[in-house]
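# Structural overview for review
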Amino acid sequence: MAQTSSPISGGPSDRPRRRIGLFLPYILLGALVLVWTVSWFLIRARAQSEMDGWLEQEAKAGRQWTCADRSITGYPFRLELRCASLRFARSDGSFALGPLTVVVQVYDPRLVLLEATGPFRVEQGDLSADVTWTSLEASFHAASDGFSRASLVVDGPKGVVSTPDPGPIDFAANHLELHARPTPGRFATDGAVDVSLRLAKAAVPRLDALAGSPDPADIDLDTTIEQAAVLRTGTVARELETWRQAGGRLDVTRLSIAKGERRLQAKGTVGLDAAHRPEGRFDLRAVGLEALVGQVMGQRYGADKGALIGNLVGQFLGGLRRKEEGDAAVAENGADALKPLPTLKLGDGRLMLGPFAVPNVVLPALY
C-alpha cells in the first residue's frame, strides 16, 4: 500500500519562509536604527548650518561670538553643543565664559539645557567683573511667541567687581536662583515678563560697615519688567533707550532683605527719566534700621539731628500707621513686626527718604 506524506510536516520550500520570519524583527530593528542614524546626522548637519548662519548674521550686526573647539555630539537621542570656551564681543563690551555644554533633546527641541564650569569675565568700559562657581545650570523653554520659562541656578558664586572708584568689590553667596516667565495676560499687550530672584547668604564685605553688620544677607526679589519684549542684543545704551521710550518700568512687587537681625521689605516702581537716571518710588518697612538711618542722615544734618531723624523714622512715623496695619504686620512677620518707613523717592538724580535727601548719594545716568 502506497504511503502518503502528512500535510502537517512542511516541505523544503517552507524552510526559507520560517528563517525569514525568525529574523524579520531583527531586520526591521536594523532598518529602524539605520533610518534613525541617518536622520540624526541630518539634524546635526542642519543645526550646524543654522548656527553658522546665525553667527554670520550676528557678526554683520557687530556682535562677534566665538565658540572654541566647537563640537556637536549626543547621538542617538540628543544634540550636545560643546565649547571649550565662549566669547562675545561688541563695541561697548565683551564677556568670556569657560567650558560649557548646551543640550537639546531630539524629541523635545523646545527645551534647552545648559551647564557651564566657568570662569566668567565681563568687561564694560572701566567696569569689569570676574566670577566663579561650583556649579551652574540653566534651562530655556521655547514657545511659538518667544519663551514660556527660563531658569538659572548657581551654587557657590563668588567674584570681584573692579572699578576705578571705589576699587575692587568682593562678593560671594551660597546659592542663587533666577527664574523668568511671560506675565500671564500681559505679555501679548505690553511685553511684560515676571522675574524672581533668590540669593542665599550673600556677602559683600565692603558694605558691612555701612550696613552695620557682618552677617550675610538673604535677598528675595519678585518683579515684573514691563516692555521687556522690546529688548534685544544691541548695545546697553541702545536697548535701555528703546526700553525707556517704550514706557518700560520695573514693577517691584516684593523685595526682602534679611541681614542678621535687620530686615527690610520694599515694593514700588522704577524707570528711567529723560536724563537716563533712575526715577520711581518705594514703600518701605523695616526693623533694626533706625540707628543706621540716623547714622546716614547724620552725615548731612549732624549727629544730633541725624539721630532724631532716625528715631522719627523708626518710631514716630511707625506710630502714625493705623492699628490694623500693625496687626497685619505682626501676623505676617511674627513678633518682630516691620515698621513703616517714609517713602523712598528717586528723582532728579537724588534719593529722598520722605522729605529728607539722603546725603552723599547722586543717581547718575545709566548710559
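Anything mentioned here points back to the structure above.
Presented here is an overview of the structure given in this document. (Residues numbered from 1 in each chain as written. Predicted model: local features only at pLDDT ≥ 70, side-chain atom pairs only at ≥ 80, totals over all residues. Heavy atoms only, no water.)

Another point: the nonpolar core. In terms of nonpolar packing, the biggest core is built from 18 residues, with Leu97, Leu100, Ala116 and Trp133 touching the most fellow members. Among the elements of the structure, strand E3 (78–83), strand E6 (100–105) and strand E15 (193–202) are those that each provide at least two residues to this core. With three residues, the top contributor of residues to this core is E3. Look past the residues within four positions of Leu100 in its chain and what remains in contact with it is Leu81, Arg82, Cys83, Leu86, Leu114, Glu115 and Ala116. Val293, Leu344, Leu351 and Leu353 belong to the second-largest nonpolar core, a separate cluster that totals 16 residues. (Core = buried A, V, L, I, M, F, W, Y, C linked by side-chain atoms within 4.5 Å. Buried < 20%, exposed > 50% of the residue type's maximum accessible area, 1.4 Å probe, protein only. Helix = DSSP H or I, 4+ residues; strand = E, 2+ residues; numbered from the N terminus. Contact = heavy atoms within 4.5 Å.)

The sheet built from seven strands is open, its strands ordered E1-E4-E5-E8-E9-E12-E13 with antiparallel pairing. Edge positions in the sheet fall to strand E1 (64–68) and strand E13 (169–172), since each has one partner strand and no second. In this sheet, neighbouring strand axes are inclined to one another by 10 degrees on average, regardless of whether the strands run parallel or antiparallel. Two elements, strand E9 (residues 127–132) and strand E12 (residues 158–162), share five bridges in a ladder whose sense is antiparallel. Across the sheet, the residue bridging to Ala129 is Val161, located in E12. (Pairing = 2+ DSSP bridges. Axes fitted to C-alpha atoms, helices over the stretch in contact; angles between N-to-C directions.)

The subject of this paragraph is helix H4 (residues 236–245). Taken as a whole, H4 has its buried residues at Glu239, Glu241 and Trp243. Elements in contact with the buried residues of H4: strand E16 (217–225), strand E17 (250–259) and strand E18 (262–272). The positive-phi residue at the C-terminal boundary of H4 is Gly247, with phi of around 85 degrees.

The next thing to look at is the packing of aromatic side chains. Enumeration according to the criterion identifies ten aromatic pairs in this entry. On the basis of an interplanar angle of 35 degrees and a centroid distance of 5.7 Å, the ring pair of Phe95 and Phe120 is categorised as tilted. One end of the pair, Phe95, is in strand E5 (residues 93–97); the other, Phe120, is in strand E8 (residues 120–124), and 25 residues separate them in sequence. (Phe/Tyr/Trp six-rings, centres within 6.5 Å; stacked < 30°, edge-to-face > 60°.)

Pairing geometry for strand E10 (residues 135–143) and strand E11 (residues 146–155), over nine bridges, is antiparallel. Bridge pairing in E11 places Ser135 opposite Asp155. Connecting the antiparallel pair E10 and E11 is a turn made up of two residues. In this sheet, strand E14 (residues 175–182) lies alongside E11 in antiparallel orientation, the contact comprising six bridges.

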